[in-house]
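Survey of secondary and tertiary structure
As a plain string of letters, each chain reads:
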Amino acid sequence: MAAPKPELTFYRPKRAKRCPIPLFIAPVKAGFPSFADNYMEQSLDLNEHLIQHPAATFFVRVEGDSMRGAGIHKEDVLIVDRAIEPSSGKIVIAVINGEFTVKRIRIDQNQVFLEAENPQYSPIQIDPNWDFQVWGVVTYVIHKAK
């Protein structure tokens, strides 16, 4: 019998190489096309733009559909920052009894809940006896356009 597939796959960002990409200052219209070359102003390094705390940041690939209502889908890559304090309403990567999950955290008085963004999944009320830890706050979602 094969080992179960993990719900999340983790990656570290590579910061050794800069990768500037052209950034256009003109907004992109969904109507009549314009000549964008006239509006190129500078380069944008996505590492600098998307990663605030490099030493505390990691990437994780999503499996499952529990967060689709938040725009997080299977195969998406999440940028997660461990330096950001988790607070109620944030989407977090958490560990419950050794299993990783991505959910929206809700802190209500002295109770903690992890809530899916899919009505097929019930909220998880964290039991104080469980081994529970928040590993980081999701700052960006990267997914392929359809």
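Residues numbered from 1 in each chain as written. Predicted model: local features only at pLDDT ≥ 70, side-chain atom pairs only at ≥ 80, totals over all residues. Heavy atoms only, no water.

Within the chain, the regular secondary structure consists of 1 helix and 10 strands. Secondary structure elements of the chain occur, N-terminal to C-terminal, as β-β-β-α-β-β-β-β-β-β-β. Burial statistics for the chain: of 146 residues in total, 29% are counted as buried. Long-range contacts, defined as pairs at least 24 residues apart, comprise 59% of the intrachain contacts of the chain with a sequence gap of at least 6. Taken as a whole, the chain presents about 10,300 Å² of accessible surface, with 54% of it coming from carbon and sulfur. (Helix = DSSP H or I, 4+ residues; strand = E, 2+ residues; numbered from the N terminus. Buried < 20%, exposed > 50% of the residue type's maximum accessible area, 1.4 Å probe, protein only. Contact = heavy atoms within 4.5 Å. Areas by Shrake-Rupley, 256 points an atom, 1.4 Å probe, with all protein chains shown as cover.)

What follows covers the nonpolar core. Counting 11 residues, the largest nonpolar core is built from F58, V60, V62, M67, I72, L78, V80, I91, I93, V102 and V138. Of all the secondary-structure elements, those providing two or more residues to this core are β4 (57-62), β5 (77-81) and β6 (91-96). The biggest single contributor to this core is β4, with 3 residues. Leave out the neighbours within four places in its chain, and V138 touches L78, I79, V80, I91, V92, I93 and V102. Counting 7 residues, the second-largest nonpolar core is a separate cluster that includes A94, I105, L114 and V137. (Core = buried A, V, L, I, M, F, W, Y, C linked by side-chain atoms within 4.5 Å.)

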